[in-house]
Amino acid sequence: MTTRPTKASPPPTPPKAATTPPTGKATPPAGEPHVTLAVIIGAHGITGEVRLKVFADDVSAYRAFNGGALTLKSARDGSNGVIARFAEVTDRNAAEALRGTELTVPRSALPPLEEGEYYHADIIGLAAIASDGEELGHVALIENFGAGDVLEIERPDGRRFMVPMKVEAVPEWDRERLIVERAFIA
């Protein structure tokens, strides 16, 4: 099983909402899931550029974020993340006001996946079921410490355990649930 762990890694909370630029915090259309591709971590310089923490392979492939509230003009690698310029942001004060803003796109804008690949946004929240049918809870978080994705499953009582996202531990999943082999359940 292969994965694309860097395609999109959503944060544990939903995107912040607002309705007008320059905040860039737009309310996504009802019914269409959105995926966070980056978060603004601060201003860069005095002309309105921002520093991004990126959760995707390449944010420059997208032009509009947050329901069209932010339009990407340019993106380049910097020493502390990606440096981006948005058409709606023209000075340092406006750039600083965006600190913490999550940059989202509709799920439908992401590239199609190959067999066995997944986006984190598609796995987080799925019901977790043991291979013998026991309901375990839901996928609360996905971590990657360098050796592959690790699912954090939260039981109904709030306790959590981790499972590697490998075929031996998670032989199958779909849009509704994820199966975990009994031997990997803590």
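Everything here concerns the structure above.
Residues numbered from 1 in each chain as written. Predicted model: local features only at pLDDT ≥ 70, side-chain atom pairs only at ≥ 80, totals over all residues. Heavy atoms only, no water.

Caption draft 1: Expanded view of the sheet that holds strand β1 (residues 34-44). Reading across the sheet, the six strands line up as β3-β4-β5-β2-β1-β6 and stay open at both edges, with antiparallel pairing between neighbours. A single partner strand is all that each edge strand has here, and the edge strands are β3 (64-65) and β6 (102-106). Note that β1 and β6 share five bridges and pair antiparallel. Looking at the pairing, Val 35 lines up with Val 105 of β6. (Pairing = 2+ DSSP bridges. Helix = DSSP H or I, 4+ residues; strand = E, 2+ residues; numbered from the N terminus.)

Caption draft 2: Quick look at the pairing of strand β10 (residues 160-164). Along β10, the buried face is formed by Phe 161 and Val 163; none of Arg 160, Met 162 and Pro 164, which line the opposite face, is buried. The loop that links strand β9 (residues 149-154) with its antiparallel partner β10 comprises five residues; one of these, Gly 158, has a positive phi angle of about 95°. (Buried < 20%, exposed > 50% of the residue type's maximum accessible area, 1.4 Å probe, protein only.)

Caption draft 3: Main features of the sheet that holds strand β8 (residues 135-144). Taken in spatial order, the six strands of this open sheet run β10-β9-β8-β7-β12-β11, and their pairing is mixed. Sheet topology places β10 and β11 (172-173) at the edges, where each strand pairs with a single neighbour. Sheet topology places β11 next to strand β12 (residues 177-180); two bridges connect them, and they run antiparallel. Pairing of Trp 173 across the sheet is with Leu 178, part of β12.

Caption draft 4: Layout of the pairing of strand β7 (residues 127-130). Inspection of the sheet shows β7 paired to β8 by three bridges, in the antiparallel sense. When the sheet's bridge partners are listed, Ala 128 is paired in β8 with Gly 137. The antiparallel pairing of β7 with β8 creates a hairpin that spans four residues between the two strands, and Gly 133 there sits at a positive phi of about 100°.

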